[in-house]
Amino acid sequence: MLPVLIIEADQLVRKLLKKLLQHQGFEVVEASTGAEGLAIISTVRPALILCNWELPGIDGLSICREIKANSEWSAIYFILLTAHSTPERHVRALDLGADDFLPRTIKLKELSARLRAGLRVYQTFQEQRRLAQELKFQQEQIELEIAEAAEYVRSLLPAPINERVIARSQFLPSRQLGGDCFDYHWLDSDFLVMYLLDVSGHGLGAALVSVTIQNILRAQILPGINFYQPGLVLTALNETFASEQDTSWLTETLTDRYFTIWYGVYNYSKQLLMYASAGHPPAVVLSGRSPNHQIHRLRTPGTPIGMFPEIKYKTQFFKVEQESTLYLFSDGIYEVQQRNGELWDLDGFIDVIDQHHHSEQIDSSERIIQAVKTLKKNRDFEDDCSLLQIKLR
């Protein structure tokens, strides 16, 4: 049985209460003053306290106030005893945190019932506290795992490129960790591949899928596919992820999800960009010297990968002009709530690119991201936020 603390100056009353409670099976600790009672609480941690209101020195109401103000003690069930029971005193005691209020002439059966009820309340509260602590621990573990996963995803992202083309990237994972992943690298000395994908959902499952797709594309393990042809690459990915045929090399986590992607291959010597997209926001190319540059949106029709296995994706071509920079991004960068409460959109984000892009500068991506953070009032992103900037010429 959990201990009960009796704080009573009258020795006879204290001994009588102790004997009665022990007879009912309670473990009893006693104190004759408020100061002694507070000292005992620190070591014994009783589940219930029976305390006389009219104590010398620190009275019962002051003890109650101090206990309820202490987060470590506040769950203790506190019963005030008094010889002067009036409605006004009841209200005052309850307002200051007392859990129950009894006359000192209380009958044994009623006292025992009140104590058992108090124990049930205390035990329920302790169980809720235990569950809350367990939930907090589990949440901290999940957040730690998500943070580690975000760092792993970040470690897989490409380093800047400074020769022939100039490539920079920004990656801001959300607190929940989404499914963004991207890459750019030379397929050979003349062809640069670039892509950004966004897997549905959040958490470790979405991150696992995105990393797996990145590994497929990096290792070029889609059988018989020409990775220089964006439309063929997306069609093969879609057949693989949407097909009901045997895909034993994929996990159930992968086949249960879909993703959007923009995939492009740049022929450096011919200044020709080949691209295809699957439900992804358009790539934006700014051509010409700022501030007189032209804005081009590059997107092809097509549903996200993994939704319909019969979909075929087409390759489109774009002739790259002088002073051309390509921006590739996920929708998490512009699906944010503005200060006025309205949801931002793609056109608004492209306006920000237009405002902060400067053809003479190597990297405009940081200024663009900062502008988005300012718009969002520096709150956490609900989804991953990814941005690639590649100066093609």
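A brief structural summary. Quick caveat: nothing in here was measured; it's all calculated off a predicted structure.

### Side note on helix H7 (residues 230–242)
Think of an α-helix as 3.6 residues a turn; residues three or four steps apart then line up on the same face. Look at H7: 18 Å from first C-alpha to last across 13 residues, which is about the 18 Å you get at 1.5 Å a residue. Counting buried positions over the 13 residues of H7 gives eleven, a clear majority of the element. Buried residues of H7: Pro230, Gly231, Val233, Leu234, Thr235, Ala236, Leu237, Asn238, Thr240, Phe241 and Ala242, and no others.

### Regarding the pairing of strand E1 (residues 3–7)
The element E1 is largely enclosed, with a buried count of five among its five residues. The alternating pattern of E1 places Pro3, Leu5 and Ile7 on one face and Val4 and Ile6 on the opposite face, and all of these are buried. For the crossover that starts at E1, traverses helix H1 (residues 11–23) and ends in the parallel strand E2 (residues 27–31), the hand is right-handed. As judged from the four bridges shared by E1 and strand E3 (residues 48–52), these two strands associate in the parallel manner. The residue of E3 that forms the bridge with isoleucine 6 is leucine 50.

### Thoughts on the packing of helix H5 (residues 108–156) against helix H6 (residues 204–219)
Where H5 contacts H6, the axes come no closer than 11 Å and their chain directions differ by 15°. The angle between H5 and H6 falls in the class roughly parallel. As for the relative orientation of H5 and H6, their crossing is left-handed in sense. Contact with H5, carried on its side by Glu145, Ile146, Ala149, Tyr152, Val153 and Leu156, involves Leu204, Ala207, Val211, Gln214 and Arg218 of H6 and no other residues of that element.

### What about the packing of aromatic side chains?
For the structure shown, the criterion picks out twelve aromatic pairs. Ring centres of tyrosine 334 and phenylalanine 349 lie 6.4 Å apart, and the angle between their planes is 25°; this geometry places the pair in the stacked category. With a gap of 15 residues between them, tyrosine 334 in the loop between strand E14 (324–329) and helix H9 (346–356) and phenylalanine 349 in helix H9 connect regions that are remote in the sequence. Per residue, the accessibility class of tyrosine 334 equals that of phenylalanine 349, and both read buried.

### Some words on the nonpolar core
One finds Leu237, Ile261 and Leu273 to be the most contacted residues of the largest nonpolar core, which totals 60 residues. Contacts of isoleucine 261, omitting those with residues within four sequence positions, involve Tyr195, Leu196, Leu197, Leu217, Leu234, Leu237, Ala276, Ser277, Ala278, His280 and Ile305. Ranked by size, the runner-up nonpolar core spans 22 residues in total, among them Ile40, Ile49, Cys51 and Ala93.

### Digging into the sheet that holds E2
Spatially, the five strands line up as an open sheet ordered E2-E1-E3-E4-E5, and their pairing is parallel. Of all strands in the sheet, those with a lone pairing partner are E2 and strand E5 (100–103), marking the two edges. This sheet shows a mean twist of 20° between the axes of neighbouring strands, independent of strand direction. Pairing between E3 and strand E4 (residues 77–82): five bridges, direction parallel. Bridging across to E4, leucine 48 finds its partner in tyrosine 77.

### As for the side chain of arginine 14
Tracing the sequence through the fold places arginine 14 in helix H1. Take arginine 14: its relative accessible area is 10%, and that puts it in the buried class. Separated by 2.7 Å, the side chains of arginine 14 and glutamate 30 make a polar contact. Residues in contact with arginine 14, not counting those within four places in the same chain, are Ile6, Glu8, Ala9, Glu30, Ala31 and Ser32.

### Quick look at the sheet that holds strand E8 (residues 191–199)
Here we have five strands laid out as an open sheet, ordered E7-E8-E9-E10-E13, and antiparallel in their pairing. The sheet is open, and its two borders are formed by strand E7 (179–186) and strand E13 (316–319), each paired with just one other strand. Taken pair by pair, the neighbouring strands of this sheet meet at an average axis angle of 15°, ignoring direction. Sheet topology note: the E8/strand E9 (residues 259–267) ladder contains nine bridges and is antiparallel. Looking across to E9, one finds that methionine 194 is bridged to glycine 264.

### Here's the deal with the environment of arginine 164
Mapping arginine 164 onto the fold places it in the loop between H5 and strand E6 (166–172). Under the relative-accessibility criterion, arginine 164 is labelled partly exposed at 42%. Separated by 227 residues in sequence, arginine 164 and lysine 391 place their C-alpha atoms 9.0 Å apart.

### Details of the packing of helix H2 (residues 34–44) against helix H3 (residues 60–69)
Between H2 and H3, whose axes approach to 10 Å, the crossing angle comes to 25°. For the element pair H2 / H3, the angle class is roughly parallel. You can see that H2 and H3 cross each other, and the crossing is right-handed. Judged by residue contacts, Gly34, Leu38 and Ile41 of H2 engage Ile63, Glu66 and Ile67 from H3. Of the residues belonging to the contact of H2 with H3, the class tally is four nonpolar, one polar and one charged.

Procedures and definitions
Residues numbered from 1 in each chain as written. Predicted model: local features only at pLDDT ≥ 70, side-chain atom pairs only at ≥ 80, totals over all residues. Heavy atoms only, no water. Helix = DSSP H or I, 4+ residues; strand = E, 2+ residues; numbered from the N terminus. Expected span 1.5 Å × (residues − 1). Buried < 20%, exposed > 50% of the residue type's maximum accessible area, 1.4 Å probe, protein only. Right-handed = clockwise from strand over helix to strand, strands pointing away. Pairing = 2+ DSSP bridges. Axes fitted to C-alpha atoms, helices over the stretch in contact; angles between N-to-C directions. Parallel < 35°, antiparallel > 145°, perpendicular 65-115°, else oblique. Left-handed = near helix turned anticlockwise from the far one by under 90°. Contact = heavy atoms within 4.5 Å. Phe/Tyr/Trp six-rings, centres within 6.5 Å; stacked < 30°, edge-to-face > 60°. Core = buried A, V, L, I, M, F, W, Y, C linked by side-chain atoms within 4.5 Å. Polar contact = N/O pair within 3.5 Å; in protein donor to acceptor, adjacent residues only side chain to side chain. Nonpolar A, V, L, I, M, F, W, Y, C, P; charged D, E, K, R; others polar.

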